[in-house]
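For reference, the chains in residue letters:
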Amino acid sequence: MTEKPPLDSNEDEAWLGEGQSETQLTTVCGPDGVETCDADRPAWDSKIQYVLAQVGFSVGLGNVWRFPYLCHQNGGGAFMLLYVFLLLIVGVPLFFMELAAGQSIRQGSIGVWKHISPKLAGIGYSSCMVCFYVALYYNVIIAWSLFYMGNSFQYPLPWQQCPIDVTTNDTVKECAGSSPTSYFWFRKALDITNSIDETGEFNPIMTGCLLAAWAIVSLAMIKGIKSSAKLEIWGNVQVWRQAATQVFFALGLGYGSVIAYSSYNPVHNNCHRDALMVSGINFMTSVLASLVVFVVLGFRAKNIALRCVAENLGLLSLMSSHGSNQHLVGPGWPGINMTDPSSVSIAEYREWYSHHSSMVGPNITDCSLEQEMNKGIEGTGLAFIAFTEVMALFPASPFWSTLFFLMLLNLGLSTMFGTMQGILTPLMDNFSLLGRHRTLLTVSSCALGFLIGLLFTQRSGNYFVTMFDDYSATLPLVIVVIFETISVAWVYGTDRFLDDIEVMLKWRPPVVYKYLWKYVCLLAMVGLLAASLLRMVFKRPTYTAWNQTTASEMTLEYPGWALAMIVLLIVVASLPVPIGYIHFTLKNHMVRDTRSEEGSCQEVHRELYTKCSSTEQLDSNSQHRVPSEEEEAHPRTAFLPMGNEHYRLLPQQEVEDDDEQDTVV
């Protein structure tokens, strides 16, 4: 890296703090504009390959089942406007910041933040920890997709009808009380327990699917990067928190994966255009997915309501045959045609029910299409219950089911590859030993992930997946992004960062980014962190459990040991940031004490420099390597450049041979 000249020593000390790196972020270019970056670092074969990898990471399963649910539950178009607003003022600036930092420094998350300030090296380690958390449970969802895709190659689909109990020769009670798709998901796929306290034995089929999922990820990662309605809701703080969280996770901020992918770009790549393009594609994908989800859920809700009408009319017909309630359904009532129940519409039945609900027994219920739609299904329930129920009604249902779960598999794997890249790239960049044994590191990481992932393949594993999804990544990632923003905006300085981007892009980004990074994004992240903490404190965390007896879902509070586990996950992921700061501060004081003692009895050694020609390239390895711990303890000296000239340290012997080159610093 070239050294950035200090404008003023006092100003630099105020901005950077003690021991702060004063190096410029951009790589050195020769007089012909040739980059002297590390030639050994892998690079993308083409721009389209990079864009597809970045889009594949950001567009994940959350675009399919999280965004549509939030949009449906929070006012539809009003929520979408709020989402776009937060995307523009928070999401895009932070996404651009991570792209620019990774592309300019050409390191993973650990190396980037360690380069900007050694005190904040813990940010990268926290990112790696959160990536590992996410990889653990995300691959379980991929394993579920593999299981369902494997079961799609049969007709009829196994979740299309309720099975028969061989002992009673009747429909299985749990399935009759729910639905064929719910029964297949909770009993056949998960064999789930009634609560998180009931662990149960391991699910052998899901364990095998998880092993296959990790094998796919391991083989792919070994090959490296070349393979991979009412506006009143705006006044609801909870809606703002949900919208901000969705923006945050949709773009993959804080994982380090965005930084890792951009670090393989040429230094003059237009990362600003990439930020806008990827964010736009991500949003349009969410909108398209929402349209499809709403159509599917509407179709499903209408079928449920029609089935409800048919069942109620069947009960009324049975009651009429026994001589009761004939005055309610007789020929005098034009809304009900008992001779042809299929001709009765939902609206006609609801009108009849509104007049006579007080006269019928509790077994006759209302059949509301709006109520079915407002129930809202999110997460795994949308993919493995709602969509499977609809696909069972399609002609050639195995074909559509296979395509759907193949899509889920691709979405999950592309995000999983980016997540693993956020772990492997920083470790290999920061530790040369790991970098020389990429295959061993990859296989070992995947093997460790599989062993820990066995937690999710026991009968209560789905509850742990929910726990990790809700709490293991949210707060730590927000904390990581807060410190990332502080590091760039307040430690390194937004003006200097924009200067470095100008060198890369050959044009200066709008000044509005300066204020967005320094104030808007930082305050938004702090507000999101505060809202999330307050929600956890004042509303005890809960999860949705499946009760086998009632064949229905119920909301339960996490037991004490599970709350302790949630707190432990958050603390472990966030701890590297303060530990890194304390470690550097203590080490810096120790080095200062040692140097002061040596300086009292020894003469200070004078370093001598000589001027080099502008065509002589600096050692690329020294430009891009992560500083050693010894170097971290000493502030780097900034040199005032003279044109295109650079400086290098002369050996003492060479200086003694030529006294004319004795140059005083």
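Residues numbered from 1 in each chain as written. Predicted model: local features only at pLDDT ≥ 70, side-chain atom pairs only at ≥ 80, totals over all residues. Heavy atoms only, no water.

The name given to the protein chain in an unreviewed UniProt entry is Transporter, with the source organism recorded as Sander lucioperca. The Sequence similarities (unreviewed entry) comment attached to the protein chain in UniProt states, word for word, "Belongs to the sodium:neurotransmitter symporter (SNF) (TC 2.A.22) family." Quoted verbatim from the Subcellular location (unreviewed entry) heading of the UniProt record, the comment on the protein chain is "Membrane". (UniProt positions renumbered as here; feature names shortened; annotations may be inferred.)

Peer 1: Help me understand the pattern of salt bridges in this model?
Peer 2: Side chains that carry opposite charge are capable of pairing whenever their charged atoms lie near each other. Overall, the coordinates contain ten salt bridges when judged by the stated rule. Of the charged contacts in the structure, one is a salt bridge between R300 and E389, with a shortest N-O distance of 3.1 Å. Placement of R300 in helix α13 (residues 271–321) and of E389 in helix α17 (residues 380–391) is noted, with a sequence separation of 89 residues between them. Here the two residues R300 and E389 agree in accessibility, since each one is buried. In this structure, K514 and D495 form a salt bridge, with 3.4 Å as the shortest nitrogen-oxygen distance. (Salt bridge = Lys/Arg side-chain N within 4 Å of Asp/Glu carboxyl O. Helix = DSSP H or I, 4+ residues; strand = E, 2+ residues; numbered from the N terminus. Buried < 20%, exposed > 50% of the residue type's maximum accessible area, 1.4 Å probe, protein only.)

Peer 1: Looking at this structure, how should I read the UniProt feature "binding site: Na(+)" (unreviewed entry) in the protein chain?
Peer 2: Mapped onto this numbering, the UniProt entry annotates "binding site: Na(+)" (unreviewed entry) at G56, V59, N63, N282 and L411. Structurally, V59 is set in the loop between α2 (47–58) and α3 (61–65). Aside from chain neighbours lying at most four places away, what touches V59 is N282, T285, L411, S414 and T415. Assignment of secondary structure puts L411 in helix α18 (residues 397–430). (Contact = heavy atoms within 4.5 Å.)

Peer 1: Explain the pairing of strand β3 (residues 542–547) to me, please; I cannot follow it from the model alone.
Peer 2: Two faces make up the sheet, and in a regular strand the side chains alternate between them. In this structure, β3 lies alongside strand β4 (residues 552–557), joined through six bridges in antiparallel fashion. Pairing of W546 across the sheet is with E553, part of β4. Taken together, β3 and the strand that follows it, β4, pair antiparallel across an intervening segment of four residues, in which A551 is found at a positive phi of about 55°. (Pairing = 2+ DSSP bridges.)

Peer 1: Would you mind going over the packing of helix α7 (residues 122–151) against helix α22 (residues 474–505) with me for this structure?
Peer 2: Angle between the axes and distance between the axes are the two parameters that describe a pair of packed helices. As a packed pair, α7 and α22 sit with axes 10 Å apart at the nearest point and diverge in direction by 155°. On the basis of their axis angle, the class for α7 and α22 is roughly antiparallel. You can see that α7 and α22 cross each other, and the crossing is left-handed. On α22, the residues touching I123, S126, S127 and V130 of α7 are P476, L477, V480, F483 and E484. For the contact of α7 with α22, a count of residues per class yields six nonpolar, two polar and one charged. (Axes fitted to C-alpha atoms, helices over the stretch in contact; angles between N-to-C directions. Parallel < 35°, antiparallel > 145°, perpendicular 65-115°, else oblique. Left-handed = near helix turned anticlockwise from the far one by under 90°. Nonpolar A, V, L, I, M, F, W, Y, C, P; charged D, E, K, R; others polar.)

Peer 1: Would you mind going over a nonpolar patch on the surface with me for this structure?
Peer 2: A contiguous nonpolar patch, built from F299, L393, F394, F399, W400, L403 and L406 and spanning about 650 Å² of accessible area, is present on the exposed surface. For the nonpolar patch, the leading source of residues is α18, giving four residues. Mapped onto the fold, F299 is located in helix α13. (Patch = residues over 30% accessible without salt bridge, like charges linked within 9 Å, V, L, I, M, F, W, Y side chains within 5 Å. Areas by Shrake-Rupley, 256 points an atom, 1.4 Å probe, with all protein chains shown as cover.)

Peer 1: Hey, could you run me through the environment of G412 in this one?
Peer 2: Looking at where G412 falls in the secondary structure, it is placed in helix α18. By relative accessible area, G412 is classed as buried at 0%. Among all residues touching G412, those that are not within four sequence positions of it are L61, Y138 and I142.

Peer 1: Explanation requested: the nonpolar core in the structure shown.
Peer 2: In globular proteins that are soluble, nonpolar side chains generally tend to be buried together. Counting residues in hydrophobic clusters, the biggest one holds 160 residues, and the most contacted among them are W144, Y148, W185, F405, M420, I501 and W517. In terms of residue count, the dominant contributor to this core is α7 (20 residues). Here W185 is in contact with W144, Y148, L190, T380, F384, I385 and N462, once residues within four sequence places are set aside. (Core = buried A, V, L, I, M, F, W, Y, C linked by side-chain atoms within 4.5 Å.)

Peer 1: Explain the state of the cysteines to me, please; I cannot follow it from the model alone.
Peer 2: By the definition in use, this model includes one disulfide. Each disulfide pairs two cysteine sulfurs, and for C162 the partner residue is C175, the sulfurs being separated by 1.9 Å. Taking the sign of the S-S torsion, -80° for the link of C162 and C175, the bridge is left-handed. One end of the pair, C162, is in the loop between α7 and β1 (164–165); the other, C175, is in helix α8 (residues 173–176), with 13 residues separating them in the sequence. The thiol sulfur of C131 is not disulfide-bonded, and the nearest other cysteine sulfur, from C128, lies at 6.5 Å. (Disulfide = S-S within 2.5 Å.)

Peer 1: Even after reading the chapter, I still don't get the side chain of T402, so can you show me in this structure?
Peer 2: With respect to the helices, strands and loops of the structure, T402 is situated in helix α18. Polar side-chain contacts of T402 include one of 2.8 Å to the backbone oxygen of P398. Apart from residues no more than four positions distant in its own chain, T402 is found in contact with M149, S152 and F153. (Polar contact = N/O pair within 3.5 Å; in protein donor to acceptor, adjacent residues only side chain to side chain.)

Peer 1: Honestly, the confidence of the model for the protein chain in this entry has me stumped. Any pointers?
Peer 2: Low pLDDT means the predicted atomic positions in that stretch should not be read closely. Overall, the prediction assigns the protein chain a mean pLDDT of 76, with 76% of residues at 70 or greater. Helix α20 (residues 438–453) holds the highest mean pLDDT among the elements of the protein chain, 92, whereas helix α1 (residues 9–16) holds the lowest, 36. Contacts of residues 1–23 to residues separated by more than four positions or lying in other chains number 68 contacts, the stretch itself having pLDDT below 50. Scored below 50 in pLDDT, residues 603–665 makes 100 contacts in the model with residues more than four places away or belonging to other chains. (pLDDT = per-residue confidence, 0-100.)

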